[in-house]
Amino acid sequence: MPKDWFEWHDLYNTDAKLQQRLEIVREYIAYSLDASPAGTIQVVSVCAGDGRDLLGTLANHPRAQDVYARLVELNPQLVERGRATIESLGLSKQIEFINGDATSAANYIGAVPADIVIVCGVLGNLADENELNRLLGNLSFLSKKGAFVLWTRGHSQGIAYSETVRKYFREFGFEEINFQLTATGDMGVGIHRYLGETLSVPKEQQLFVFSGVPNKAR
Ligand SMILES: C[S@@+](CC[C@H](N)C(=O)[O-])C[C@H]1O[C@@H](n2cnc3c(N)ncnc32)[C@H](O)[C@@H]1O
């Protein structure tokens, strides 16, 4: 069992569910980049880990030079690894990795509203459906009208939690572009489009509370 979020990332080496999840997330990021109009593409990643989803996609994507991104992550070792990847891709002028609290609206100022919002590995780490609603509501601050929002949600004890997430996205007026379960059958990955108006000022300073722990990550 991983003792911290840095160790949790080692699971990507062995866990089929996480590997399949990453493949789908990268597919959705590539889709979003392909679908973006000419010009700059603003991306934010919430609780970005080491950024392997976005950075792994940009390594081989023709729109990489158009992307301006801010990744927000609390674990300094993951940020260090992510920054090294950015450097190796030659994208340091466009992509910033902030070592900070992704639940705080202040850490997105200057990078939002975004065209692509990545919220992977987060929704299973919220205390309850109220907290999920709070985060979905606060996406109005992070997202441009028409932004792509990418998310993941694991299942456990036979409960298809990703269906709950899809239901709330529907209720919040997002358009579902695609949804897939991993071949392992217990991890949902979705891509939605935000159709509402953008809020220039956040409704609240704390966008959500991240309450998950790495040895029980969902
Ligand atoms: C399940 S991992 C997902 C990482 C990455 N998004 C991915 O899908 O590979 C959750 C991440 O959230 C980070 N995290 C937890 N609380 C945070 C907070 N308040 N602000 C920023 N990052 C946080 C952890 O350090 C961890 O890297």
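Residues numbered from 1 in each chain as written. Predicted model: local features only at pLDDT ≥ 70, side-chain atom pairs only at ≥ 80, totals over all residues. Heavy atoms only, no water.

What is the right way to look at the overall build of the chain in this model?
Scanning the chain from terminus to terminus reveals six helices and seven strands. Along the chain, helices and strands appear, N-terminal first, in the series α-α-β-α-β-α-β-β-α-β-α-β-β. For the chain, the C-alpha radius of gyration of 16 Å lies close to 17 Å, the compact-globule estimate for 218 residues. When its C-alpha atoms are laid out on the principal axes, the chain stretches across 45 × 35 × 30 Å. Across the 218 residues of the chain, 50% fall into the buried class. (Helix = DSSP H or I, 4+ residues; strand = E, 2+ residues; numbered from the N terminus. Rg over C-alpha atoms; globule rule 2.2 N^0.38 Å. Buried < 20%, exposed > 50% of the residue type's maximum accessible area, 1.4 Å probe, protein only.)

Would you explain the pairing of strand E4 (residues 114–119) in this entry?
By the criterion of burial, E4 is predominantly enclosed, with six of the six residues buried. By the bridge criterion, three bridges tie strand E1 (residues 41–46) to E4 in an arrangement that is parallel. Paired with Val43 across the bridge in E4 is Ile116. The pairing of E4 with strand E5 (residues 143–154) spans five bridges and is classified as parallel. Bridge pairing in E5 places Ile118 opposite Leu150. Following the chain from E4 across helix H5 (residues 129–142) to the adjacent parallel E5, one finds a crossover that is right-handed. (Pairing = 2+ DSSP bridges. Right-handed = clockwise from strand over helix to strand, strands pointing away.)

Looking at this model, I keep getting lost on the state of the cysteines. Mind explaining?
A disulfide bridge is the covalent bond that connects two cysteines by way of their sulfur atoms. This model, assessed by the stated rule, comprises zero disulfides. Cysteine Cys47 shares no disulfide, and the gap to the nearest cysteine sulfur, in Cys120, comes to 11 Å. (Disulfide = S-S within 2.5 Å.)

So what exactly am I meant to see when it comes to the packing of H5 against helix H6 (residues 161–171) here?
For any two helices packed against each other, one specifies the inter-axial angle together with the distance between the axes. In the contact formed by H5 and H6, the axes pass within 11 Å of each other and the chain directions differ by 45°. The orientation of H5 with respect to H6, classified from their angle, is oblique. Along this stretch, H5 crosses H6, giving a crossing that reads as right-handed. Contact residues: H5 offers Glu129, Leu132, Asn133, Leu136 and Leu139, while H6 offers Thr164, Val165, Tyr168 and Phe169. Residue classes in the contact of H5 with H6 are distributed as six nonpolar, two polar and one charged. (Axes fitted to C-alpha atoms, helices over the stretch in contact; angles between N-to-C directions. Parallel < 35°, antiparallel > 145°, perpendicular 65-115°, else oblique. Left-handed = near helix turned anticlockwise from the far one by under 90°. Contact = heavy atoms within 4.5 Å. Nonpolar A, V, L, I, M, F, W, Y, C, P; charged D, E, K, R; others polar.)

Just checking my understanding: could you explain the UniProt feature "domain: Methyltransferase" (unreviewed entry) in the chain for this structure?
Mapped onto this structure's residue numbering, the UniProt feature "domain: Methyltransferase" (unreviewed entry) falls at residues 39–152. Its end C-alpha atoms 28 Å apart, residues 39–152 is made of 31% helix and 30% strand. (UniProt positions renumbered as here; feature names shortened; annotations may be inferred.)

Even after reading the chapter, I still don't get the pairing of strand E3 (residues 95–99), so can you show me in this structure?
A regular strand places its side chains so that they alternate between the two faces of the sheet. Pairing of strand E2 (residues 67–73) with E3, which is carried by five bridges, proceeds in the parallel orientation. What sits directly across from Ala69, in E3, is Ile95. As a crossover connection, the stretch from E2 through helix H4 (residues 76–89) into E3 is right-handed.

When you look at the pattern of salt bridges in this model, what are you seeing that I'm missing?
Considering all chains together, one arrives at twelve salt bridges under this definition. The closest approach of N and O atoms between Lys144 and Asp115, which form a salt bridge, is 3.0 Å. With Lys144 in strand E5 and Asp115 in strand E4, the pair connects residues that are 29 residues apart, well separated along the chain. Given the relative accessible area of 19%, Asp115 is considered buried. A salt bridge links Arg166 to Glu176; its shortest N-O distance comes to 2.7 Å. Of this pair, Arg166 sits in helix H6 while Glu176 sits in strand E6 (residues 175–181), and the two are ten residues apart along the sequence. With relative accessibility at 33%, the residue Glu176 sits in the partly exposed group. One network of salt bridges, with partners in common, ties together Lys3, Asp4 and Glu7. (Salt bridge = Lys/Arg side-chain N within 4 Å of Asp/Glu carboxyl O.)

In this structure, what is going on with the site of the ligand? I would like to understand it.
Near the ligand, the surroundings consist of 19 residues, among which Tyr12, Arg21, Cys47, Glu73 and Ala102 are the closest. Between the ligand and Cys47, the relevant distance is 2.8 Å, taken from a nitrogen atom to a main-chain nitrogen or oxygen of the residue. More than half of the atoms of the ligand fall within 2 Å of the grid points belonging to the largest pocket. Across the shell around the ligand, the residue classes tally to ten nonpolar, six polar and three charged. (Near = heavy atom within 4 Å. Polar contact = N/O pair within 3.5 Å; in protein donor to acceptor, adjacent residues only side chain to side chain. 1 Å grid on protein atoms, 1.4 Å probe; cavity = no way out; pocket = protein on both sides within 12 Å on 5 of 7 lines; lining within 4 Å. Sits in = over half its atoms within 2 Å of the grid points.)

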